[in-house]
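Tertiary structure, described
Residues per chain are reported as follows:
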Amino acid sequence: MLLQPLVENAVRHGIEPKIGGGVINIRAESIGAALYIEVSDSGVGLIGKEAGGTGLANVRERLATLFGKEGKLVLENRAGGGVRAKMELPL
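Anyway, here's the lowdown on the structure attached to this text. (Residues numbered from 1 in each chain as written. Predicted model: local features only at pLDDT ≥ 70, side-chain atom pairs only at ≥ 80, totals over all residues. Heavy atoms only, no water.)

So, the pairing of strand E2 (residues 34-41)
Test applied: Exposed residues in this analysis have more than 50% of their type's maximum accessible area, buried residues have under 20%, and partly exposed residues fall in between, with area computed by a 1.4 Å probe over protein chains only. Working definition: helices are DSSP H or I runs of at least four residues, strands are E runs of at least two. Numbering for both runs from the N terminus. Strand pairing follows a simple DSSP-based rule, namely that at least 2 bridges must link the two strands.
Summarising burial for E2: 6 of the 8 residues are buried, a large majority. Bridging between strand E1 (residues 24-31) and E2 involves 8 bridges; their strand directions are antiparallel. Looking at the pairing, Ala28 lines up with Ile37 of E2.

The following block contains the structure:
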């Protein structure tokens, strides 16, 4: 229930409004005592206050409930266009 809203946002807010479509990549990596999950897209990028929608608020709430301050979610515009959502989860 953490990954689905990030992929849905990438489709809805990133790829769908971009003429010609785009690409969504999902990557996960375990480093030390943490799991890093990244969802990136080649869409239109963050515009205005899109970083604060309901889906992302729900993800942040789930992270806080499950992992406290150790669960993190960061959104950033990608240099070549699109958005990268990065989660850090303790193992």
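Focus on the environment of Ala34
Which entries qualify depends on this criterion: Contact between two residues is taken to exist if any of their heavy atoms lie within 4.5 Å; hydrogens are not considered.
Here Ala34 is to be found in strand E2. Residues Ala34 and Glu16, spaced 18 residues apart in sequence, show a C-alpha to C-alpha distance of 32 Å. If we skip the residues at most four places from it in the chain, Ala34 touches Glu29, Glu88, Leu89, Pro90 and Leu91.

Some words on the pattern of salt bridges
Here is the rule we go by: Salt bridges are defined as contacts in which a side-chain nitrogen from Lys or Arg sits within 4 Å of a carboxyl oxygen from Asp or Glu.
Applying the stated criterion across every chain yields a total of 4 salt bridges. When the shortest N-O distance is used, the salt bridge between Glu38 and Arg84 registers 3.5 Å. Residue Glu38 is found in strand E2, and its partner Arg84 is found in strand E4 (residues 83-90); the two are separated by 46 residues along the sequence. For Glu38, a relative accessible area of 18% corresponds to the buried category.

Concerning the sheet that holds strand E3 (residues 72-77)
Test applied: Lines fitted to C-alpha atoms define the axes here, with helix axes fitted over just the stretch in contact, and angles between the N-to-C directions of these axes take values from 0 to 180 degrees.
Read across the open sheet, the 4 strands follow the order E1-E2-E4-E3; overall the sheet is antiparallel. The open sheet is flanked by E1 and E3, the only strands paired with a single partner. The mean inter-strand angle of the sheet, taken between neighbouring strand axes irrespective of direction, is 15 degrees. Together, E1, E2, E3 and E4 form the strand contacts of helix H1 (residues 3-15), whose direction differs from that of E2 by roughly 20 degrees. Docked against the sheet, helix H2 (residues 54-67) engages E3 and E4, running at close to 150 degrees with respect to E3.

Digging into the packing of H1 against H2
Spelled out, the test is: Between 65 and 115 degrees an angle is taken as roughly perpendicular, under 35 as roughly parallel, over 145 as roughly antiparallel, and anywhere else as oblique. Here a crossing is called left-handed whenever its near helix is offset anticlockwise from the far helix by less than a right angle, and right-handed whenever the offset is clockwise.
Between H1 and H2, the shortest axis-to-axis distance is 9 Å and the interhelical angle comes to 160 degrees. With respect to H2, the axis of H1 lies roughly antiparallel. Regarding H1 and H2, the two cross each other, and that crossing is left-handed. Here Pro5, Leu6 and Asn9 of H1 lie close against H2, whose contacting residues are Gly55, Leu56, Val59 and Arg62.

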